[in-house]
Amino acid sequence: MALIPESHAGILDTKALLYLGTQNKDGSPQVSPVWFKTNGDIIEVNSAKDRLKDINMRARPKVSIAIVDPENAYRWVGIQGTVVEITENGAEEHIDALANKYLGVDSYPNRQAGQVRVIYRIRADKVFTMGA
C-alpha cells in the first residue's frame, strides 16, 4: 500500500486485526475488530449487511483504522479513510479468503442462514505510524 511507510508495511501482511472506527447516527464512535486484506492501495473489510458498522459506513463513509503489529503492541499504523465502494459482489469468496488468512481454513465457518456478506473498500486519506 503506497501510503504506508516501508517501515510499517509488513504489518499489513500479518494476521493483525484491523480496528475499524465508524460514527453512529448520534455522533458517538463505534469500533469493531475485523479481518482485512489489501488490494493495491485499497483496504478491504467484510461484514454482514445490516450490522451497525454496515449501517454507519453506508451513512457516513469516513472511517478511522488502527492496525497493531501482533509482535509489538507499541508499533502500529493509523489511517483516516473513506469508504469508496460497498458491494455484495464477490463477498462470499472474500470472506472465505479472509478465513483462510486468519484461520487457515478454506471456508468461513460462521456463516448464518440468510446473512448477506458485504465488502467495504476503503481508501486511505491520511496515514500515521507509531513505533520503530
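Only a predicted model underlies this, so the values are computations on that prediction, with no experimental measurement involved.

A. Representation of the sheet that holds strand E5 (residues 62-68) in the model. What the 7 strands build is an open sheet, ordered E2-E1-E5-E6-E7-E4-E3; its pairing is antiparallel. Of all strands in the sheet, those bounded by a partner on one side alone are strand E2 (29-34) and strand E3 (36-39). Shown here is a sheet whose adjacent strand axes are inclined to one another by a mean of 35°, direction ignored. Relative to strand E7 (residues 117-130), strand E4 (residues 42-48) runs antiparallel, the two sharing 7 bridges. If you follow Ser-47 over to E7, its bridge partner there is Val-118.

B. Broad picture of the pattern of salt bridges. Counted under the stated rule, the structure contains 10 salt bridges. Across the pair Glu-44 and Lys-37 runs a salt bridge whose closest N-O atoms are separated by 3.8 Å. You can call Glu-44 buried: its relative accessible area is 2%. With a shortest N-O distance of 2.8 Å, Arg-121 and Glu-44 are connected by a salt bridge. Here Arg-121, found in strand E7, pairs with Glu-44, found in strand E4; they are 77 residues apart in sequence, far enough to count as distant. For the pair Arg-121 and Glu-44, one class covers both residues: buried.

C. Up close: the confidence of the model for the chain. Model confidence for the chain is summarised by a mean pLDDT of 94, while 98% of its residues fall at 70 or above. Per-element mean pLDDT across the chain ranges from 87 in helix H1 (residues 6-9) up to 98 in strand E1 (residues 18-23).

D. Quick look at the pairing of E3. Pairing of E3 with E4, which is carried by 4 bridges, proceeds in the antiparallel orientation. Residue pairing across strands places Lys-37 opposite Glu-44, the latter belonging to E4. Following E3, the chain reverses through 2 residues before pairing antiparallel with E4; Gly-40 in that reversal takes a positive phi of roughly 65°.

E. Just the side chain of Asn-56, in detail. Summarising the element assignment, Asn-56 is placed in helix H2 (residues 52-59). Sequence-distant contacts of Asn-56, that is, excluding residues within four places in its chain, are made with Thr-22, Gln-23, Asn-24, Lys-25 and Gln-30.

F. Just the pairing of E7, in detail. Looking at chain direction, strand E6 (residues 76-87) and E7 are connected through 11 bridges and run antiparallel. Pairing of Ile-79 across the sheet is with Val-127, part of E7.

G. Representation of the packing of aromatic side chains within the structure. Taken as a whole, this structure holds 3 aromatic pairs when the rule is applied. On the numbers, 5.9 Å between centres and 90° between planes, the contact of Trp-35 with Tyr-108 is edge-to-face. You can see Trp-35 sitting in the loop between E2 and E3 and its partner Tyr-108 sitting in the loop between helix H3 (91-103) and E7, a full 73 residues away along the chain. Geometrically, the ring pair formed by Trp-76 and Phe-128 is edge-to-face, given 5.9 Å between the ring centres and 85° between the ring planes. Residue Trp-76 is found in strand E6, and its partner Phe-128 is found in strand E7; the two are separated by 52 residues along the sequence. Within the aromatic cluster, the residues linked to one another by ring pairs are Trp-35, Tyr-102 and Tyr-108.

The rules behind these values
- Within each chain, residues carry numbers counting from 1 in the order of the written sequence.
- Selection of residues for local features in this predicted model requires a pLDDT of at least 70, selection of side-chain atom pairs for listing and counting requires 80 or more, and totals for whole chains, interfaces and linings are taken over all residues.
- Side-chain metrics rest on all non-hydrogen atoms present in the structure, leaving aside hydrogens and water.
- Strand pairing follows a simple DSSP-based rule, namely that at least 2 bridges must link the two strands.
- Put simply, DSSP marks the helices as runs of H or I at least four residues long and the strands as runs of E at least two long, and each gets a number from the N terminus on.
- With axes taken as lines fitted to C-alpha atoms, and helix axes fitted only over the stretch in contact, angles between N-to-C directions fall between 0 and 180 degrees.
- For this analysis, a salt bridge means a side-chain nitrogen from Lys or Arg found within 4 Å of a carboxyl oxygen belonging to Asp or Glu.
- For every residue, the accessible area obtained with a 1.4 Å probe (protein chains only) is divided by the maximum for its type, and the residue is called buried under 20%, exposed over 50%, and partly exposed between those limits.
- What pLDDT conveys is the predictor's confidence in a given residue, as a value from 0 to 100.
- Contact criterion: two residues are considered in contact whenever any of their non-hydrogen atoms come within 4.5 Å of each other.
- Aromatic pairing here means that ring centres of Phe, Tyr or Trp (its six-membered ring) are within 6.5 Å. Orientation follows from the plane angle: under 30 degrees is stacked, over 60 is edge-to-face, and everything else is tilted.

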